[in-house]
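Chain and residue survey
Here is how the chains run, residue by residue.
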Amino acid sequence: MITRTETAQRAARLALVGALLLIGLWIAHGFVPALLWAVVLTIAVDPLHLKLRGWLKGTHRIVIPLIITTLAALIVLVPLGFGVTQALREAHDITSWITMAQAQGVPVPDWVGNLPLGSEAVRNWWQTHLARPEDAAEQLRLLSGGEWLTHSRAIGANVAHRAVVFGFTLLTLFFVLRDRDALLTQGRGAVLKLFGPTGERVGTQAIRSVRGTIDGLVLVGLAVGALMALVYLIAGVPHPLLLGAATAIAAMIPFGAPVIFAIAALLLLVQGSVVGAVVVVAIGTAIIFVADHFIRPAMIGGATQLPFLWVLIGILGGVETLGLLGLFIGPAVMAVLVMLWREFLMAPPAASPPLEQAPEDTTH
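Attention in this report is confined to the structure presented alongside it. (Residues numbered from 1 in each chain as written. Predicted model: local features only at pLDDT ≥ 70, side-chain atom pairs only at ≥ 80, totals over all residues. Heavy atoms only, no water.)

1. Points about the overall build of the chain
From N to C terminus, the chain includes 13 helices and zero strands. Beginning at the N terminus, the succession of helices and strands in the chain can be written as α-α-α-α-α-α-α-α-α-α-α-α-α. Among the 364 residues that make up the chain, the fraction classed as buried is 28%. Intrachain contacts of the chain at a sequence separation of at least 6 include 69% that bridge at least 24 residues. (Helix = DSSP H or I, 4+ residues; strand = E, 2+ residues; numbered from the N terminus. Buried < 20%, exposed > 50% of the residue type's maximum accessible area, 1.4 Å probe, protein only. Contact = heavy atoms within 4.5 Å.)

2. Focus: the pattern of salt bridges
All told, the structure shown has seven salt bridges when counted by the stated rule. Residue Asp 46 pairs with Arg 211 through a salt bridge whose shortest N-O separation is 3.4 Å. Of the two residues, Asp 46 is situated in helix H2 (residues 32–55) and Arg 211 in helix H8 (residues 197–235); the sequence distance between them amounts to 165 residues. For Arg 211, a relative accessible area of 31% translates into the label partly exposed. The salt bridge partner of Arg 178 is Asp 179, with a shortest N-O separation of 3.1 Å. On the basis of relative accessibility, which here comes to 25%, the residue Arg 178 falls in the partly exposed class. Exposure remark for Asp 179: the relative accessible area of 22% places this residue in the partly exposed category. Via salt bridges that share partners, Asp 46, Arg 53, Arg 180, Asp 181 and Arg 211 belong to a single interconnected network. (Salt bridge = Lys/Arg side-chain N within 4 Å of Asp/Glu carboxyl O.)

3. Side note on unusual backbone geometry
Backbone geometry places His 239, a non-glycine residue, at a positive phi of 55 degrees. Relative to the helices and strands, His 239 resides in the loop between H8 and helix H9 (240–251).

4. What to know about the environment of Ile 64
Its location among the elements puts Ile 64 in helix H3 (residues 63–104). Note: C-alpha distance between Ile 64 and Leu 52 (twelve residues apart in sequence) is 7.0 Å.

5. A short note on H9
End to end, H9 covers 16 Å across twelve residues, agreeing with the expected 16 Å (1.5 Å per residue, within 8%). Inspection of H9 places Pro 240, Leu 243, Gly 244, Thr 247, Ala 248, Ala 250 and Ala 251 among the buried residues, and these make up the whole buried set. End-on view of H9: buried residues confined to an arc of 165 degrees, all on one side of the axis. Exposed and oriented more than 90 degrees from the buried face of H9 are Leu 241 and Ile 249. (Expected span 1.5 Å × (residues − 1). Arc of directions from axis to C-beta.)

6. Looking at the packing of H8 against H9
Viewed as axis vectors pointing N to C, H8 and H9 meet at an angle of 150 degrees, and their least axial separation amounts to 7 Å. With respect to each other, H8 and H9 are oriented roughly antiparallel. Between H8 and H9 the crossing geometry is right-handed. Note on element contacts: H9 touches H8 through Pro 240, Leu 243, Gly 244, Thr 247, Ala 248 and Ala 251, opposite Gly 221, Leu 222, Val 224, Gly 225, Met 228, Ala 229, Tyr 232 and Leu 233. When its residues are assigned to classes, the contact of H8 with H9 shows ten nonpolar, four polar and no charged. (Axes fitted to C-alpha atoms, helices over the stretch in contact; angles between N-to-C directions. Parallel < 35°, antiparallel > 145°, perpendicular 65-115°, else oblique. Left-handed = near helix turned anticlockwise from the far one by under 90°. Nonpolar A, V, L, I, M, F, W, Y, C, P; charged D, E, K, R; others polar.)

7. A few points about a nonpolar patch on the surface
Side chains of Leu 48, Trp 55, Leu 56, Val 63, Ile 67, Leu 71, Leu 74 and Val 78 sit close together on the surface and give an oily, nonpolar patch of about 730 Å² of accessible area. Mapped by element, the contributors of at least two residues to the nonpolar patch are H2 and H3. Ranked by residue count, the leading element in the nonpolar patch is H3, at five residues. Overall, Leu 74 belongs to the partly exposed group, its relative accessible area being 44%. (Patch = residues over 30% accessible without salt bridge, like charges linked within 9 Å, V, L, I, M, F, W, Y side chains within 5 Å. Areas by Shrake-Rupley, 256 points an atom, 1.4 Å probe, with all protein chains shown as cover.)

Listed below in structure tokens is the structure:
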């Protein structure tokens, strides 16, 4: 009777815990991305956090997390503010151009004649769709009026939602850094109780993978953006710093940077600089080739012992499934799966039970 009662109580406790977990996830599901971002950022800045603790011994435990959280906010908000400022400066000119285009049409620009290929086709399309006022008004109708207002409201709501997620991420980052030691102790104890040494190895591999991915994607992307900003400046591309920042962000995503190279080349073609456009595309392609085929595989694969094919699958699959957050979660999942597969292959096979021998005949 006691055994049956304990079994029933254990089953009831498990059911209660499972139900509470599901309810908790349902309540907090809107904040899960912010929590995951906070974990990724904590893993990224933890070496800096430990160095600051070593340099600023005796400092209150709130000061250092506050410094790091402020730096993280500035790293995101300063480039974003610069881009918004540039966009606002040109918004008036764009609005005036749209109004004039709808009233007078858009004549074929001179740069169309300088195109190395397809000049006649582009000229014919332009004369058909933009040269006359009524055609230009039809093509540009989405950029003004009620439809544009509707799109603006949708964009504004999306920006407001992301701003709330970003603010909550920073708040979570501060508290995780403040209670780092206690959280590590509790997490390690829980993992050991639930999964044993394998769970601790999984956690270590996931952390190593996130750091390697950050180094291979973020740092290399920033370096690519800095180099391309210099190339844009020399080639005469408009707004080289803004395009360099966009290149840095796009370079963090596989095959994303060539889109920015194409935009920069088009801007140069508009100015009539065909040679400059070719140079930008050629240099950008060379930089991305070196970064994607030599630097990133060494940084990410070296940190996680993960073949670059699985790194690429983790990145692309993660982005498709989880968005930008998948850049870091995807490779971590792949690294853990590959580690578990290798441990499974290295484990000795279970001993087969001995075959039963037939009993000896004792009738003689």
